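These are the residues of each chain, in order.
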Amino acid sequence: MAEASDPQQNVTYRAPVGSVDLKAFDDDGNSYEIHACHDCLPWHAEVVVVAGEVLVREWRAVGCPQFQALIRD
């Protein structure tokens, strides 16, 4: 019998995805480093400009624990 998968931990390529916008630069103008989420297969990032501010938009599986932590903060 196959084990039941936890829908809260679905991080496969077919998982539903969500995005979060993060600041690309700190208050001194230094860029932030971003690192791929190795636990979340659909992870990818893009640079966007919203209301004149440069942001990094990270796309992650909704069930990714790191994504859940980002949207909680």
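Given the structure is predicted, the values throughout are model-derived calculations rather than measurements.

Examining the nonpolar core
Point 1. Formed by V11, A15, V20, C37, C40, W43, A61, C64 and F67, the largest nonpolar core amounts to nine residues.
Point 2. Setting aside residues no more than four positions away along its own chain, A15 makes contact with N10 and A61.

A few points about the environment of Y13
Point 1. Structurally, Y13 can be placed in the segment before β1 (17-23).
Point 2. A C-alpha to C-alpha distance of 10.0 Å links Y13 and R60, two positions 47 residues apart in sequence.
Point 3. In contact with Y13, other than residues within four places in its own chain, are L41 and P42.

What about the sheet that holds strand β3 (residues 53-61)?
Point 1. In spatial order, the strands read β1-β3-β2; together these three strands make up an open sheet with antiparallel pairing. Since the sheet does not close on itself, it has two edges, and those belong to β1 and β2 (44-50), each with one partner. Sheet twist, expressed as the mean angle between neighbouring strand axes with direction ignored, is 30°.
Point 2. Relative to β3, β2 runs antiparallel, the two being bridged by seven bridges. If you follow V47 over to β3, its bridge partner there is V56.

Analysis parameters
- Residues numbered from 1 in each chain as written.
- Predicted model: local features only at pLDDT ≥ 70, side-chain atom pairs only at ≥ 80, totals over all residues.
- Heavy atoms only, no water.
- Core = buried A, V, L, I, M, F, W, Y, C linked by side-chain atoms within 4.5 Å.
- Buried < 20%, exposed > 50% of the residue type's maximum accessible area, 1.4 Å probe, protein only.
- Contact = heavy atoms within 4.5 Å.
- Helix = DSSP H or I, 4+ residues; strand = E, 2+ residues; numbered from the N terminus.
- Pairing = 2+ DSSP bridges.
- Axes fitted to C-alpha atoms, helices over the stretch in contact; angles between N-to-C directions.

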